[in-house]
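Coordinate analysis (summary)
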Amino acid sequence: MKILIYGHPILREKSKPVEEINGKLKETIEQMAELMYKVKGLGLAANQVGIPKRFFILDVAQKEGNPELLVFINPEILETQGEVSYEEGCLSIPGYYAKIDRYAHLLVRAYDLKGKSFERELSGLAAIAFQHEYDHLEGILFIDRLSLLKQNLFKRWWKKNKPKELFYNP
Ligand code: NI
C-alpha cells in the first residue's frame, strides 16, 4: 500500500460511495490502519492510498498511548457548531503545516465495519481530523482552505520541497 502525494489526480477526485461492506473492505482498512500507525498519522482516507471510495479511518487517541481506531464508511456531517483553528498537516503533503479553520463540534453519521449505521458527536481533535478526512473524500485538500496569499506561498514552498514521485511507500 502506497500513500499518494499532492499532484496525484486521484486526490482530486470526488470519491464514490461504498456499495458493499465485506471482508475485502475490512482487509483494506486493516492495511490502512497499519500504515497510519506506522507513519503516526491521525487519519487516512481511502483515496490517499489510491482507492476513490468514501471511507476513512481516524485515531486521535494513539498519542496518549491508548489507541482507538475509528472507521467511517459513507460518512455524513449532520450538524456543525462553533469554530476552531488548528495547525494541520497531511500525509499526502509531507512536511507542510498550516493553521486551518474548522467547526469545533460535529454530529456525524456513518456505517461501521459490520455494516451498521451509527451517529457520533465529535469535538476537539476528533472533529478537526474528521473534517480533514471528509474533505479528502470530496477531493479537497487542507491547502485549498488557505487564503490565496498563503496558497501562493505554499506553491512556492512545494516547488522546492516536493518529493520526486507522486507516491511513497512508508
Ligand atoms: Ni490529509
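Let me begin by describing the structure that accompanies this report.

Cut-offs and rules
Residues numbered from 1 in each chain as written. Predicted model: local features only at pLDDT ≥ 70, side-chain atom pairs only at ≥ 80, totals over all residues. Heavy atoms only, no water. Salt bridge = Lys/Arg side-chain N within 4 Å of Asp/Glu carboxyl O. Helix = DSSP H or I, 4+ residues; strand = E, 2+ residues; numbered from the N terminus. Buried < 20%, exposed > 50% of the residue type's maximum accessible area, 1.4 Å probe, protein only. Donors = N, O, S within 2.8 Å, 3.2 Å for Na, K, Ca; no water. Contact = heavy atoms within 4.5 Å. Pairing = 2+ DSSP bridges. Axes fitted to C-alpha atoms, helices over the stretch in contact; angles between N-to-C directions.

Some remarks on the pattern of salt bridges
- Within the structure shown, the criterion is met by nine salt bridges.
- With a shortest N-O distance of 2.7 Å, R12 and D144 are connected by a salt bridge. In this pair, R12 is assigned in the loop between strand 1 (3–4) and helix 1 (23–38) and D144 in the loop between helix 2 (124–137) and helix 3 (148–161), connecting sequence segments 132 residues apart.
- What makes R12 partly exposed here is its relative accessible area of 39%.
- One salt bridge connects E138 with K14, and the closest N-O pair in it is separated by 3.0 Å. Linking E138 in the loop between helix 2 and helix 3 with K14 in the loop between strand 1 and helix 1, this pair joins segments that are 124 residues apart in sequence.
- By relative accessible area, K14 is classed as exposed at 53%.
- Each member of the salt-bridge network shares a partner with another, and the members are E88, R102, D135 and R145.

Notes on the coordination of the nickel ion
- The protein atoms that coordinate the nickel ion are C90 (SG), H132 (NE2) and H136 (NE2), at distances of 2.1 to 2.3 Å.
- Judged by relative accessible area, H132 falls into the buried class, the value being 8%.
- On the accessibility criterion, H136 (1% relative accessible area) is buried.

A word on the side chain of D135
- Along the chain, D135 turns up in helix 2.
- Ignoring sequence-local partners within four residues, the contact set of D135 consists of R102, I140 and R145.

With respect to the sheet that holds strand 2 (residues 43–45)
- Strand order in the open sheet formed by five strands is 2-3-4-7-8, with antiparallel pairing between adjacent strands. Single-partner strands in this sheet number two, and they are strand 2 and strand 8 (117–123). Sheet twist, expressed as the mean angle between neighbouring strand axes with direction ignored, is 40°.
- With three bridges connecting them, strand 2 and strand 3 (residues 55–58) associate as antiparallel partners. Across the sheet, the residue bridging to L44 is I57, located in strand 3.
- Of the strands in this sheet, strand 2, strand 3 and strand 4 (70–81) touch helix 1, which is tilted by about 40° from strand 3.
- Relative to strand 3, helix 2 is tilted by about 155°, and along the sheet it contacts strand 2, strand 3, strand 4, strand 7 (105–111) and strand 8.

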